[in-house]
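# Analysis of the macromolecular model
Letter by letter, the chains look like this.
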Amino acid sequence: MSQERPAPLRICVVGDELVAGVGDRRALGWVGRVAARTAVQVPATGVFALGVPGESTSGLLARWREETDLRFAADADNRLAVGLGRADVDAGQSTARSRLNLANVLDDAESRGIAAFVLGPPPTLDTEVNARLGDLSQAFADVCQRRGVPFVDAFGPLSAHDAWFADLAGGDGTHPGQSGYGLLAWLVLHGGWHEWLGVPQDA
């Protein structure tokens, strides 16, 4: 008797330019690093990084369904990962609006049977932006907790990590380089990623 093969895994990652790995000389970003580790345990995995420079949660809400529909498949285990950044702060968007935008994305995904995972915004070199980002990160965490969606806090751990800020300062001051993206990938891989996929935690 032939053993039934598991459905192929398709993960669409939406967000701003951090999802695309801008600033990484290896052109991997955190998504590429996480995808490489995931493919070792789940070979039939397709990871699609769908980053838009400077995208706020309003922009993400407006486009995520159309973008992912082009890449999801009826016979696949379709999943959505959201990488959030500083664009809402730069756009002067209220925390209430940002919360609602993320909530709408997650609720829509759930209604379609798509499991979601969220990486919160990392800190910047701008202290004023960071004051807002800290509050925003907590708001995003609350939205996810209320829905049982895994949330990785990047702001808290990296705010106390000298290597993160050194990596930002050593580049264009806005985007991390190889070290910074490696830190983001580590947080994701040790922040519930494997549990979300239903595979054992690797070393």
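Below, the structure is looked at part by part. If you're wondering where the values come from, they're calculated on a predicted model, not measured in any experiment.

What follows is about unusual backbone geometry. Backbone geometry at Ala27 places phi at a positive 60°, although glycine is not the residue there. As for its position among the elements, Ala27 is in the loop between helix H1 (17-20) and helix H2 (29-41). Here Ala27 falls in the exposed class, since its relative accessible area comes to 60%.

This part takes up the sheet that holds strand E1 (residues 9-15). Here five strands make up an open sheet; going across it, the order is E2-E1-E3-E4-E5 and the pairing parallel. Both outer strands of the open sheet, strand E2 (45-51) and strand E5 (151-152), are each paired with one neighbouring strand and no more. Pairing analysis gives five bridges linking strand E3 (residues 77-83) to strand E4 (residues 115-119), with the strands arranged parallel. Bridged to Ala81 within E4 is Phe117.

Glancing now at helix H5 (residues 95-111). Helix length check: H5, at 17 residues, gives a terminal C-alpha distance of 24 Å against a target of 24 Å (1.5 Å per residue), a fit within 8%. All of the buried residues along H5 are Ser98, Asn101, Leu102, Ala103, Val105, Leu106, Asp108 and Ala109. Where H5 is buried, its residues touch helix H3 (57-69), E3, helix H4 (87-90), E4 and helix H6 (127-147).

On to the packing of aromatic side chains. Scanning the entire structure with this criterion turns up three aromatic pairs. Both rings, one in Phe117 and one in Trp193, keep their centres 5.1 Å apart while their planes meet at 85°; by these two values the pair is edge-to-face. Taken together, the residues Phe117 in strand E4 and Trp193 in helix H10 (residues 193-197) connect sequence positions 76 residues apart. No difference in accessibility class separates Phe117 from Trp193, as the two residues are buried. With a centroid separation of 5.1 Å and an interplanar angle of 50°, the aromatic rings of Trp193 and Trp196 are classed as tilted. Separated by three residues within a single helix, Trp193 and Trp196 lie in helix H10, roughly one turn from each other. Assigned by exposure class, Trp193 and Trp196 land together as buried.

Most of E1 is tucked away: six of the seven residues are buried. Examined bridge by bridge, E1 and E2 share seven bridges and lie parallel to one another. Within the sheet, the bridge partner assigned to Arg10 lies in E2 and is Gly46.

Moving on: the pairing of E3. Across the seven residues that make up E3, a large majority, six, are buried. Here E1 pairs with E3 via seven bridges, running parallel. Residue pairing in the sheet places Ile11 in a bridge with Arg79 of E3.

By the definition in use, this model includes two cavities of 30 Å³ or more. Size it by volume and the largest cavity reaches roughly 80 Å³. Taken together, 13 residues line the largest cavity, and the ones lying closest to its centre are Glu55, Ser56, Thr57, Leu84 and Gly85. When contributions to the lining of the largest cavity are tallied by element, the ones reaching two or more residues are H3, H4 and H6. Estimated volume of the second largest cavity: approximately 40 Å³. Lining the second largest cavity, in full, are Asp16, Leu18, Val19, Trp30, Gly83, Leu84, Leu119, Gly120, Pro122 and Leu184. A breakdown of the residues in the lining of the second largest cavity according to their chemical character gives seven nonpolar, two polar and one charged.

The rules behind these values
Residues numbered from 1 in each chain as written. Predicted model: local features only at pLDDT ≥ 70, side-chain atom pairs only at ≥ 80, totals over all residues. Heavy atoms only, no water. Helix = DSSP H or I, 4+ residues; strand = E, 2+ residues; numbered from the N terminus. Buried < 20%, exposed > 50% of the residue type's maximum accessible area, 1.4 Å probe, protein only. Pairing = 2+ DSSP bridges. Expected span 1.5 Å × (residues − 1). Contact = heavy atoms within 4.5 Å. Phe/Tyr/Trp six-rings, centres within 6.5 Å; stacked < 30°, edge-to-face > 60°. 1 Å grid on protein atoms, 1.4 Å probe; cavity = no way out; pocket = protein on both sides within 12 Å on 5 of 7 lines; lining within 4 Å. Points joined across faces, edges and corners; volume = space filled by probe spheres on them. Nonpolar A, V, L, I, M, F, W, Y, C, P; charged D, E, K, R; others polar.

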